[in-house]
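# A closer look at the structure
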Amino acid sequence: QVQLVESGGGLVQAGGSLRLSCAASGRTFSTSAMGWFRQASGKEREFVAGILWSGGSSYYADSYYADSVKGRFTISRDNAKNTVYLQMNSLKPEDTAIYYCAARGGPISTTVRLYDYWGQGTQVTVSS
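Reference entry: report on the structure contained in this document.

Our focus in this paragraph is the state of the cysteines. On inspection of all chains with the given rule, the structure shows 1 disulfide. Disulfide pairing places Cys22 opposite Cys101 at an S-S distance of 2.0 Å. Taking the sign of the S-S torsion, -75° for the link of Cys22 and Cys101, the bridge is left-handed. Here Cys22, found in strand E3 (residues 18–26), pairs with Cys101, found in strand E9 (residues 97–104); they are 79 residues apart in sequence, far enough to count as distant. When its relative accessible area of 0% is taken as the criterion, Cys101 is described as buried.

Laid out in structure tokens, this is it:
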């Protein structure tokens, strides 16, 4: 089993920044990709960004972003700490959602059902 714990959410004004953290523990060696997803009230969970624990290859990208966050969000990792981060800049009210961290074996995927492990989520609220 893999346990994921998110932190760093909160309330911020539009244009502001937040950094989310996802600490992984347990059988982390069984996972190769980490993803951030979000779910706004009344909407389906959607992919935000993903990253591999190790570098990518000719076949698999090291990181990947949803079009809606490209240029504003940055995903990074600290392998020594088994932690993945999501730096969110230039936040917009439409970024308001519960943000979830997820893990899977295999390459980065944008598909919710392909992730095996999920954190409990952290609320991000962006006021206008």
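With that settled, consider the sheet that holds E3. Read from one edge of the open sheet, 4 strands run E1-E3-E8-E7, paired in antiparallel fashion. Edge strands, defined here as strands with exactly one partner in the open sheet, are strand E1 (2–7) and strand E7 (73–78). Each strand of the sheet is rotated relative to its neighbour by a mean of 15°, with strand direction disregarded. Alignment of E7 against strand E8 (residues 83–88), held across 6 bridges, turns out to be antiparallel. Residue pairing for E8: Asp78 is matched across the bridge by Thr83.

Right, let's talk about unusual backbone geometry for a bit. Of note, Asn82 is a non-glycine position whose phi angle comes to about 50°, a positive value. Of note, Asn82 is situated in the loop between E7 and E8. Residue class for Asn82 comes out partly exposed when judged on its relative accessible area of 27%. Positive phi, normally seen in glycine, also occurs at Ser90, with a value near 50°. In this fold, Ser90 is placed in the loop between E8 and E9.

Cut-offs used in this document
- Residues numbered from 1 in each chain as written.
- Predicted model: local features only at pLDDT ≥ 70, side-chain atom pairs only at ≥ 80, totals over all residues.
- Heavy atoms only, no water.
- Disulfide = S-S within 2.5 Å.
- Helix = DSSP H or I, 4+ residues; strand = E, 2+ residues; numbered from the N terminus.
- Buried < 20%, exposed > 50% of the residue type's maximum accessible area, 1.4 Å probe, protein only.
- Pairing = 2+ DSSP bridges.
- Axes fitted to C-alpha atoms, helices over the stretch in contact; angles between N-to-C directions.

Shape descriptors only; they carry no functional weight alone.
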